[in-house]
Amino acid sequence: MQRIYFDHNSTTPVDAGVREKTSYWLDQWGNPSSVHQDARGAKNLLRESRQAVAELIGARPLEVVFTSGGTESNNLAIKGVFQKFRKGHMGEFRNHYFFSGIEHPSVRQTMEFLKQEGAYVEEIKVDRNGMVDLDVFAEQVREDTALVSVMFANNETGTVLPIKKMAKIAHKKGALFHTDAVQSLGKSLINVKDLDVDLASFSGHKFYALRGVGVLYSKQGTQIESLLHGGGQERYRRGGTENLLAIASLAEMAQQREEIPERIQKMEELRDSLENFVLENIEGVSVTGAGGKRVANTSNLLIDGIDGEVLLMKLDLRGISVSTGSACSSGSQEPSIALQKMGLTRKEAQASLRISLGWNTTQQEIDAFCAALPEVVSEIRALKEQSYLSTGLAAYY
Ligand SMILES: Cc1ncc(COP(=O)(O)O)c(C=O)c1O
């Protein structure tokens, strides 16, 4: 059975071009920091990769810090700024940190850590579409706000936040602005200069590259303290010999940037056709975040009377991979915090299903999914009804 993979926000398959070139990159085994000739290939590969990735996101090569992934980039951005303020390297002391309610745990938990370290941390409220009220935000940013961290696109609903406007508001008060843009690459066009952010996080394995590489864009002049002390790699912003194989794979994906707009359009058409079918053919379904701007590939369905986990397992048995929340936090039974912050009840968050398409998703796969979903939903609803009737609980519902 050919499986259908609709969980690209969790991780993407490795691109065919990346697979092909892996053995060439492995031949560049030298340490890019060494000065002898055996290191020349590695050094060149690292330099070219940095250039390609910088072009992809609209940065300068020196503003690209290679990390191990999105989690590390988010940690480096937030703790890196916090440490610089704490050490008094940033002029006036600022100790207020602001993040949106729908951030990924790698931002949320890092902010929790800052709180324990004595920072004053606050959450920015979002509405049912995951949107921020800009007027309220403008009033809430303070004279002592050090950093605002708001994601470019939400991993669960695809909601795209007004980063450019928020960064402008934050800058007016002298605060730095970080965006977790891990869910942007390949799904939306992004340019850090146009957004005018100070820091932005990216991850290779969400963009068809190998796992183990991420990027922190750090605008020239932005001060961040390294989390990893040791070598002076990445201009003292991230110690440790670079993961060149994974870095080169990310650069390979960056070379495909001309083709991305067309792939985005294709995913959007497929996603919209899937949503239209579901809304027309299954009762009691709504699309969370559909009232706002979303990235092209993501659909978060709220299906009345369904437990998302049960639905996920039943679809899995039929050869379809989907998700119920952030894959990074799956395994825990707690329904998605981000969905609850968007105003969904616990029960609604539990009834949510995340479908995230990829560049290789086909119309045939969408059709197969659309054939399976109504059947599975009816099965679950019928089972639930039966169990209410047999336990005598029906009267209460
Ligand atoms: C929005 C967002 N930020 C950060 C991360 C973490 O990225 P990584 O898995 O590369 O550490 C994820 C992963 O799901 C994510 O969706």
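Conventions and cut-offs
- Residues numbered from 1 in each chain as written.
- Predicted model: local features only at pLDDT ≥ 70, side-chain atom pairs only at ≥ 80, totals over all residues.
- Heavy atoms only, no water.
- Salt bridge = Lys/Arg side-chain N within 4 Å of Asp/Glu carboxyl O.
- Helix = DSSP H or I, 4+ residues; strand = E, 2+ residues; numbered from the N terminus.
- Buried < 20%, exposed > 50% of the residue type's maximum accessible area, 1.4 Å probe, protein only.
- Patch = residues over 30% accessible without salt bridge, like charges linked within 9 Å, V, L, I, M, F, W, Y side chains within 5 Å.
- Areas by Shrake-Rupley, 256 points an atom, 1.4 Å probe, with all protein chains shown as cover.
- Lys, Arg positive; Asp, Glu negative; His and termini not counted.
- Charge placed at Lys NZ, Arg CZ, Asp CG, Glu CD.
- Near = heavy atom within 4 Å.
- Polar contact = N/O pair within 3.5 Å; in protein donor to acceptor, adjacent residues only side chain to side chain.
- Nonpolar A, V, L, I, M, F, W, Y, C, P; charged D, E, K, R; others polar.
- Expected span 1.5 Å × (residues − 1).
- Axes fitted to C-alpha atoms, helices over the stretch in contact; angles between N-to-C directions.
- Parallel < 35°, antiparallel > 145°, perpendicular 65-115°, else oblique.
- Left-handed = near helix turned anticlockwise from the far one by under 90°.
- Contact = heavy atoms within 4.5 Å.

Draft legend 1. The pattern of salt bridges, seen in detail. Under the defined criterion, the tally for this structure stands at 27 salt bridges. E63 is the partner of R60 in a salt bridge, and the nearest nitrogen-oxygen pair spans 3.5 Å. Taking the shortest distance from any N to any O, the salt bridge between E334 and R346 comes out at 3.1 Å. Residue E334 is located in the loop between β11 (320-321) and α12 (337-341), and its partner R346 is located in helix α13 (residues 346-350); the two are separated by twelve residues in the primary sequence. Exposure remark for R346: the relative accessible area of 44% places this residue in the partly exposed category. In this structure, a network of salt bridges that share partners links the residues K314, R318, E375 and E379.

Draft legend 2. Up close: a negative patch on the surface. Together, D127, D133, D135 and E139 make up a region of like negative charge exposed at the surface. Within the secondary structure layout, D127 lies in the loop between β4 (120-124) and α5 (134-140). What makes D127 partly exposed here is its relative accessible area of 37%.

Draft legend 3. The site of the ligand, seen in detail. For the ligand, the set of nearby residues contains 15 residues, the closest of which are G70, T71, D180, S203 and K206. At 2.6 Å from a nitrogen atom of the ligand is found a side-chain nitrogen or oxygen belonging to D180. In isolation the ligand exposes 390 Å². Once the protein is present, 91% of that is buried. A total of three residues in the shell around the ligand trace back to one element, the largest contributor, which is helix α3 (residues 70-86). Tallied by class, the residues present in the shell around the ligand amount to three nonpolar, ten polar and two charged.

Draft legend 4. View of helix α2 (residues 40-57). In this model α2 runs 26 Å from its N-terminal to its C-terminal C-alpha over 18 residues, within 8% of the 26 Å that 1.5 Å per residue would give. Within the span of α2, buried status applies to A42, L45, L46, S49, R50, A52, V53, A54, L56 and I57. Looking at the residues trailing α2, positive phi occurs at G58, about 80°.

Draft legend 5. A look at the packing of α2 against helix α9 (residues 244-254). At a minimum axis distance of 8 Å, the contact between α2 and α9 shows a crossing angle of 40°. Taken together, the axes of α2 and α9 lie oblique to each other. Once α2 is placed against α9, the crossing between them reads as left-handed. Judged by residue contacts, A42, L45, L46, S49, A52, V53 and L56 of α2 engage L244, I247, A248, L250, A251 and A254 from α9. Among the residues making up the contact of α2 with α9, the classes are represented as twelve nonpolar, one polar and no charged.

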